[in-house]
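# Per-entry structural report
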Amino acid sequence: MSRTRSMFSQLVLVIALVLAGAGALAVVLGRELATRPAAEQLARAMLGFASIAEALDRTGSHAQTLRYLHQAGLDVRQTPPIARTPRLAPFLRALRDRAQQLGPQRALLLARDAGGDRLWMQLRTQPQVWVAFAAKPLRGGRRFSVALLLGCVGLTWLGAASLARRLVTPLRTLAHAAPGLVQGDAPPLGDIGGPREVRELAHALEQASAEVRSAADERALMLAGISHDLRTPLTRVQFAAELLPDTDPELRAGISRDIAEIDAILSQFIAYARDGRDEAVEPLDLAEVCRAVLDAAPGHWDVQCPDTAPLRGRPIALRRAVENLVVNAQRHGAAPFSLRLEATGDAWQITVCDQGAGMTEEQAQRALRAFVHDPAAGGSGLGLAIVARVARQHGGALQLLHNTPHGLRAVLRLRGA
């Protein structure tokens, strides 16, 4: 499985491969266009020098020939030097490979002594004479090459870092803003900089976010109108049922319950449509929110809350989320009920437990989806979906887990809006 690489490492790899390819091409071209022609030219010059030196040795004395060579600044020796193969001397190696051009009884050797790497040529004289060419190479050349290579590597890293920063910074800004942009509740990005394609992506996301926000507002307005239009005749029906004489009390109570349930369903629809994004974020006490919800809840609750639980969030949305958890436990679970608020790392965790039938893992996943519920259980199927969305708005999540020994344990984690 391939590892995920960052933008910086990918840019460094690409630039390094380009430099390596350019370096290899430069070496090949240098060998073909510079090293080989220069080696051939020097080989011809050495051949001419050898012919002249050997002619002087034949026409004069051998001692006079040696004296001329020393006066020319050349090193001369009678015994062959110890041959060696240099690692980084392409020119000398190319010249040595052309030794056959010098003719018989002549030879070239690469050797190293106190003067450095040098090329020695054997002359056809009696006795045998070795003459050194390409004496002392430029000192510091290898250090300069290494320094140049390190400088190129450093410039490569700086260039890659600059380019990666120019690409990654706006992309990271988009990544942080993406969840809010998708839901339509993120502020405008403004000019995030970066290449043109990144700015076009940011503009497209802003337009999509505005369209999502507009659709959500229209949906909330439509549901508010539907709620108003339905609640008016429902109120008249409830008043008429109360005023009708000789009405069966059980029938009247059933009508009232049905009207109350319809009204609760309409309230859930409105809450889901508005989703609390227009509510301002402010400092609040989560412990006080939990206590206020339980004070209004019927029945007995085992409560474990700290004195204070500071959090920045949307008060109405959080109160609705806790109410939905409490109502869900009482409607679908069984006593005893408990609510525990505790700090876990950088988040607050609200745990609501009951001792009812509980849920399977598949049922728990379905319960978190909007408009998905068991018709026999009643309700709108939006309560837990609203809680899950409020949790996401506050940097957390909702989990529905099995409660030991039986029942349901709803865990709501909140980090703050």
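Here the structure is shown first, and the text comes after it.
Residues numbered from 1 in each chain as written. Predicted model: local features only at pLDDT ≥ 70, side-chain atom pairs only at ≥ 80, totals over all residues. Heavy atoms only, no water.

It is worth spelling out the sheet that holds strand β10 (residues 397-402) at this point. Pairing is mixed across the open sheet formed by 5 strands, whose spatial order is β6-β8-β9-β11-β10. Where the open sheet ends on each side, the last strands, each with one partner, are β6 (301-304) and β10. The sheet shows a mean angle of 15° between the axes of neighbouring strands, direction not considered. Where strand β9 (residues 347-353) and strand β11 (residues 408-414) come together, 6 bridges link them in antiparallel fashion. Its bridge partner lying in β11, isoleucine 350 is registered against leucine 412. (Pairing = 2+ DSSP bridges. Helix = DSSP H or I, 4+ residues; strand = E, 2+ residues; numbered from the N terminus. Axes fitted to C-alpha atoms, helices over the stretch in contact; angles between N-to-C directions.)

Before going further, it helps to spend a moment on a nonpolar patch on the surface. A surface patch of nonpolar side chains, about 280 Å² in accessible area, is lined by Ile52, Leu56 and Tyr68. Inspection of the secondary structure puts isoleucine 52 in helix α1 (residues 7-59). (Patch = residues over 30% accessible without salt bridge, like charges linked within 9 Å, V, L, I, M, F, W, Y side chains within 5 Å. Areas by Shrake-Rupley, 256 points an atom, 1.4 Å probe, with all protein chains shown as cover. Salt bridge = Lys/Arg side-chain N within 4 Å of Asp/Glu carboxyl O.)

One can expect most non-glycine residues to show negative phi and most peptide bonds to be in trans. Each neighbour pair has its own omega, and for glutamine 126 with proline 127 the value is 0°, a cis peptide bond. Tracing the backbone shows proline 127 in the loop between β3 (116-123) and β4 (129-133). Between threonine 404 and proline 405 the backbone carries a cis peptide bond, its omega angle lying at 0°. Counting through the fold element by element, proline 405 comes out in the loop between β10 and β11.

Geometrically, a packed helix pair is captured by the angle between its two axes and the distance between the axes. Running from amino to carboxyl end, helix α8 (residues 315-332) crosses helix α10 (residues 383-393) at an angle of 140°, the nearest separation of the two axes being 9 Å. The angle between the axes of α8 and α10 places the two elements in the oblique class. When the axes of α8 and α10 are compared, the crossing they make is left-handed. Residues Ala317, Leu318, Arg320, Ala321, Asn324, Leu325 and Asn328 of α8 form the contact with α10, whose own contacting residues are Gly383, Leu384, Ile386, Val387 and Val390. Considering only residue class, the contact of α8 with α10 consists of 8 nonpolar, 3 polar and 1 charged. (Parallel < 35°, antiparallel > 145°, perpendicular 65-115°, else oblique. Left-handed = near helix turned anticlockwise from the far one by under 90°. Contact = heavy atoms within 4.5 Å. Nonpolar A, V, L, I, M, F, W, Y, C, P; charged D, E, K, R; others polar.)

Turning to the packing of helix α7 (residues 286-296) against α8, a few remarks are in order. Their axes nearest at 9 Å, the elements α7 and α8 cross at an angle of 45°. As judged from the angle between their axes, α7 and α8 are oblique. Where α7 crosses over α8, the two elements pack in a sense that is right-handed. Between α7, through Leu286, Val289, Cys290, Ala292, Val293 and Leu294, and α8, the contact on the second element is made entirely by Leu318, Arg319, Val322, Glu323 and Val326. Of the residues contributing to the contact of α7 with α8, the split by class is 9 nonpolar, no polar and 2 charged.

What follows deals with the pairing of strand β8 (residues 337-344). As paired strands, β6 and β8 are joined by 4 bridges and run parallel to one another. Each residue of the ladder has a partner; that of aspartate 302, found in β8, is serine 338. By the bridge criterion, 7 bridges tie β8 to β9 in an arrangement that is antiparallel. Each residue of the ladder has a partner; that of glutamate 342, found in β9, is glutamine 349. The turn joining β8 and β9, which pair antiparallel and follow one another in sequence, is formed by 2 residues; a positive phi near 70° is taken by glycine 345.

The next point concerns the pairing of β9. In terms of burial, β9 is largely enclosed, as 7 of its 7 residues are buried. Side-chain alternation along β9 places Ala347, Gln349, Thr351 and Cys353 on one buried face and Trp348, Ile350 and Val352 on a second face that is also buried. (Buried < 20%, exposed > 50% of the residue type's maximum accessible area, 1.4 Å probe, protein only.)

Turning our eyes to something else, we now look at α7. In an α-helix, one full turn covers 3.6 residues, which means residues spaced three or four apart are oriented alike. Every buried residue of α7 is listed here: Leu286, Ala287, Val289, Cys290, Val293 and Leu294. All buried residues of α7 project into a common sector of 160° when viewed along the axis, lining one side. In α7, the exposed positions angled more than 90 degrees off the buried face are occupied by Asp295 and Ala296. One side-chain oxygen at the N-terminal end of α7 lies 3.1 Å from the backbone nitrogen of alanine 287; it belongs to aspartate 285. (Arc of directions from axis to C-beta. Polar contact = N/O pair within 3.5 Å; in protein donor to acceptor, adjacent residues only side chain to side chain.)

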